[in-house]
Amino acid sequence: MTGFELAVKLHRPEFTLDVAIAAEPGEVLAVLGPNGAGKSTLLGVLAGLLRPDSGYVRLGERPVTDTTSGLLVPPHRRGVGLLAQQGLLFPHLTALANVAFGPRAQGMRKAAAEERARRLLAEVDAAEFAGRKPAKLSGGQQQRVALARALAPEPGVMLLDEPLAALDVDATPAMRALLRRMIRDAKQTTVLVTHSALDALVLADRVVVLTAGRVVEQGPTRDVLARPRSPFAARIAGLNLVSGRACEGGLRTDDGPMVFGRGDADVVAGDRAVAVFPPSSVAVHIERPDGSPRNVVPVVLAAIEPRADVVRLRASASAEGPEWVDGLAADVTPAAVAELNVEPGAGLWFAVKATEVAIHAAGG
Amino acid sequence: MTATLPAQADAERKAHDRHDIGIGLPRWLWLPAVAAFTLVALPVVGLALEADWARMPELLLSESALTALRLSLETAGISTLLCVLFGGPLAAILARSRLPGLRVLRSLVLLPLVLPPVVGGLALLFTVGRTGLIGQALHLWFGITIPFTTAAVILAQTFVAMPFLVVSLEGALRTAGQRYEAVAATLGASAGLVFRRVTVPLVLPGLVSGAVLAFARAMGEFGATIAFAGSLEGTTRTLPLLVYLEREVDIDSAIALSLMIVVVSLLVIVVLRPRGAEGLR
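The structure presented is a predicted model; accordingly, all values stated were derived computationally and were not measured.

Criteria and thresholds
Residues numbered from 1 in each chain as written. Chains lettered and ligands numbered in written order. Predicted model: local features only at pLDDT ≥ 70, side-chain atom pairs only at ≥ 80, totals over all residues. Heavy atoms only, no water. Domains from an automatic or database assignment. Contact = heavy atoms within 4.5 Å. Buried area = accessible area lost by both parts, 1.4 Å probe. Salt bridge = Lys/Arg side-chain N within 4 Å of Asp/Glu carboxyl O. Polar contact = N/O pair within 3.5 Å; in protein donor to acceptor, adjacent residues only side chain to side chain. Helix = DSSP H or I, 4+ residues; strand = E, 2+ residues; numbered from the N terminus. UniProt positions renumbered as here; feature names shortened; annotations may be inferred. Buried < 20%, exposed > 50% of the residue type's maximum accessible area, 1.4 Å probe, protein only. Pairing = 2+ DSSP bridges. Axes fitted to C-alpha atoms, helices over the stretch in contact; angles between N-to-C directions.

## Here we look at the domain arrangement of chain A
Moving on, step 1. Examined at the domain level, chain A breaks down into domain 1 (4–226) and domain 2 (279–353).
Moving on, step 2. A C-alpha centroid distance of 41 Å is found between domain 1 of chain A and domain 2 of chain A.

As structure tokens, this is what we get:
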């Protein structure tokens, strides 16, 4: 097993990737971020498919990219495996030949390569598909074979580029469990690009959040998702996030109004901080409520989004209320929505108890 | 990539076809479409009606006919091979490399497609002819003279057929994209191995149909051949040249030979092309 370390800059018309990331041997690193944040570019740099403008990449102790010396080890000599959203099995080869392709390319004899391919196909529960061409396999079956193929050359580092995004809803849980077994439990050093908090929680030891080409947040998966410090991490964790500066009893947003909450131990008044609370903690009223909640704000209902068993009300700022409510989510039951009887554009009151609002220090 | 099995999707498409009410196909389109098809197909029927079927075996088995047929098949076959060997790599570079000025290059490759073949033949003659740019050097240094030899026929055919192969193959390469190649590289395959084991098999259908078109075009080549290679029996007189010649002497023979060309061309297109197009599916 190898770890890796990289520090690269790469200019694209849309953004500049400027990151320094490392992973221990056997660690699974999830990279989260909005579209166009540079996640795929990062994988391309690791795989050797892209040449950064400056910086270096080391796989274990071995430098594979270094712009100062002009070093760029080609993809086929890196030992970096890639599993993309689409399995991209070679359509002209059987599943077995697909899996044996890597070992064969490394010079292994046909019989030995096929034996390894059979063993891997069995491990991903695809032994019975060995003789089939990809066109005769379902999306989920193809992705399993593609995982076996990517593992067959025994890569030092594995790159998973949204490996579950293109699968059927029914096929996703099985593939996720398989990835957990073959990647995380097997201590395979991996970079996993995903949009899903669940995938990150199940598969990754650590999370890096990229936004506009930069790392805005990183840490152990559970911490980042439970206490997000960036809007993107909050959104995929399904939490509301308001940023500002910590103050006594809560946080003051940059345009003035205060959000009441409970601070972490490491929060220092005056420093950058974020207030985080789940949509389920937000109570929704037609009239201004009287009572204990400290945070009571007027909002305009922007959208009504049906979820699995709740309805999410999305707020936008109202003329008389604070700006920070823009984009806040409140989860209520369908019955409550029927009782409120409101349409987007209507004025509402959101109330959140201060005890539900966690104030975290935000880096930078 | 959808998760439905492609076999299923095929079946669904077929079921759909049966119930399709034909949106996007206004009825009046049939009129010009039938006219176009008639223009293509009817002359062949006319040819067949004019033919003297009783003399057909004798006309087709004449020595000059057989000689011309063999020459045509041989030269067209070699031309097609040359198109694949040289046009294939050219297509790969047009599709994959990031050379500046690639668009100009691509347009130039199409030149034989739009040029009157006789002009192409003259251009070849003045380049490879004894006094030409390359011909002079060939003659002086190696004592090789190309015009009015079988080599000239092959060169003329390769010249006119090349764009068919290049365009068809470049399209296939673009459609296939580079994603499979990137995956193959991450699996440890060198550029050469990726090309042999992934790129070529993926574009094989495009390569086959390009080669078939090139072969058909080479078989039918007339203008460039007569300008650059002349019409010497057994050496440069291919089937189309023989037809042109016989037209003056024995019209029945010309018709018979024409029909033979039609049959050979149809065989090539009908028998080979669909197999190539279906390819690996």
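## Some words on the interface of chain A and chain B
Moving on, step 1. Every contact between the two is made by 28 residues of chain A and, on the other side, 23 residues of chain B.
Moving on, step 2. When the two sides are added together, the surface that chain A and chain B hide from each other amounts to roughly 2500 Å², 69% of it contributed by carbon and sulfur.
Moving on, step 3. Our count for the chain A to chain B interface comes out at zero salt bridges.
Moving on, step 4. Where chain A touches chain B, the interface holds two residue pairs in polar contact (both at pLDDT 80 or more).
Moving on, step 5. Counting only elements with at least two residues in the side of chain A that touches chain B, the list comes to strand S7 (80–83), helix H2 (95–105) and helix H4 (139–151) of chain A.
Moving on, step 6. Sorting elements by how many residues they give to the side of chain A that touches chain B places H4(A) first, with four residues.

## Considering the UniProt feature "transmembrane region" (unreviewed entry) in chain B
Residues and elements named next belong to chain B.
Moving on, step 1. When the UniProt feature table is mapped onto this chain, "transmembrane region" (unreviewed entry) is found at residues 28–49, 69–95, 107–128, 140–169, 202–231 and 251–272.
Moving on, step 2. Helix makes up 86% of residues 107–128 and strand makes up 0%, while its end C-alpha atoms are separated by 23 Å.
Moving on, step 3. With 83% helix and 0% strand, the stretch residues 202–231 has end C-alpha atoms that lie 41 Å from each other.

## Things to note about the environment of Asn98(A)
Residues and elements named next belong to chain A.
Moving on, step 1. Note that Asn 98 resides in helix H2.
Moving on, step 2. The exposure class of Asn 98 is buried, given its relative accessible area of 0%.
Moving on, step 3. Residues Asn 98 and Pro 134, spaced 36 residues apart in sequence, show a C-alpha to C-alpha distance of 9.1 Å.
Moving on, step 4. With residues up to four places along the chain from it excluded, the contact list for Asn 98 reads Leu 89, Phe 90, Leu 93, Pro 134 and Arg 149.
Moving on, step 5. Within the structure, Asn 98 has its side chain in polar contact with the side chain of Arg 149 (distance 3.1 Å).

## Brief notes about the pairing of strand S3 (residues 28–32) of chain A
Residues and elements named next belong to chain A.
Moving on, step 1. Within S3, five of the five residues are buried, which leaves the element mostly enclosed by the surrounding structure.
Moving on, step 2. Of the two faces of S3, the one carrying Val 28, Ala 30 and Leu 32 and the one carrying Leu 29 and Val 31 are both buried.
Moving on, step 3. With four bridges joining them, S3 and strand S9 (residues 190–193) adopt parallel strand pairing. Residue pairing for S9: Leu 29 is matched across the bridge by Val 191.
Moving on, step 4. As paired elements, S3 and strand S10 (residues 206–211) share four bridges and run parallel to each other. The residue of S10 that forms the bridge with Val 31 is Val 208.

## A word on the UniProt feature "domain: ABC transmembrane type-1" (unreviewed entry) in chain B
Moving on, step 1. Under the feature "domain: ABC transmembrane type-1" (unreviewed entry), the UniProt entry names residues 69–272 of chain B.
Moving on, step 2. Regarding residues 69–272 of chain B, the helix share stands at 80% and the strand share at 0%, and the terminal C-alpha atoms are separated by 19 Å.

## As for the sheet that holds strand S17 (residues 283–285) of chain A
Residue and element names in this part refer to chain A.
Moving on, step 1. The antiparallel open sheet is built from five strands, whose spatial order is S17-S21-S18-S19-S20. Each end of this open sheet is capped by a strand with a single partner; those strands are S17 and strand S20 (329–332). Averaged over all adjacent pairs, the angle separating strand axes in this sheet is 45 degrees, with direction ignored.
Moving on, step 2. Summarising the sheet, strand S18 (residues 295–306) and strand S21 (residues 347–352) pair through six bridges and their orientation is antiparallel.

## Let's talk about unusual backbone geometry
Moving on, step 1. In this structure, Asp125(A) is a non-glycine residue whose phi angle is positive, near 60 degrees.
Moving on, step 2. Mapped onto the elements, Asp125(A) comes out in the loop between helix H3 (110–123) and H4.
Moving on, step 3. Since its relative accessible area comes to 44%, Asp125(A) is described here as partly exposed.
Moving on, step 4. We note that Phe148(B) has phi near 65 degrees; this positive angle belongs to a residue other than glycine.
Moving on, step 5. Position of Phe148(B) among the secondary structure elements: in the loop between helix H8 (135–142) and helix H9 (150–176).
Moving on, step 6. For Phe148(B), a relative accessible area of 41% gives the class partly exposed.

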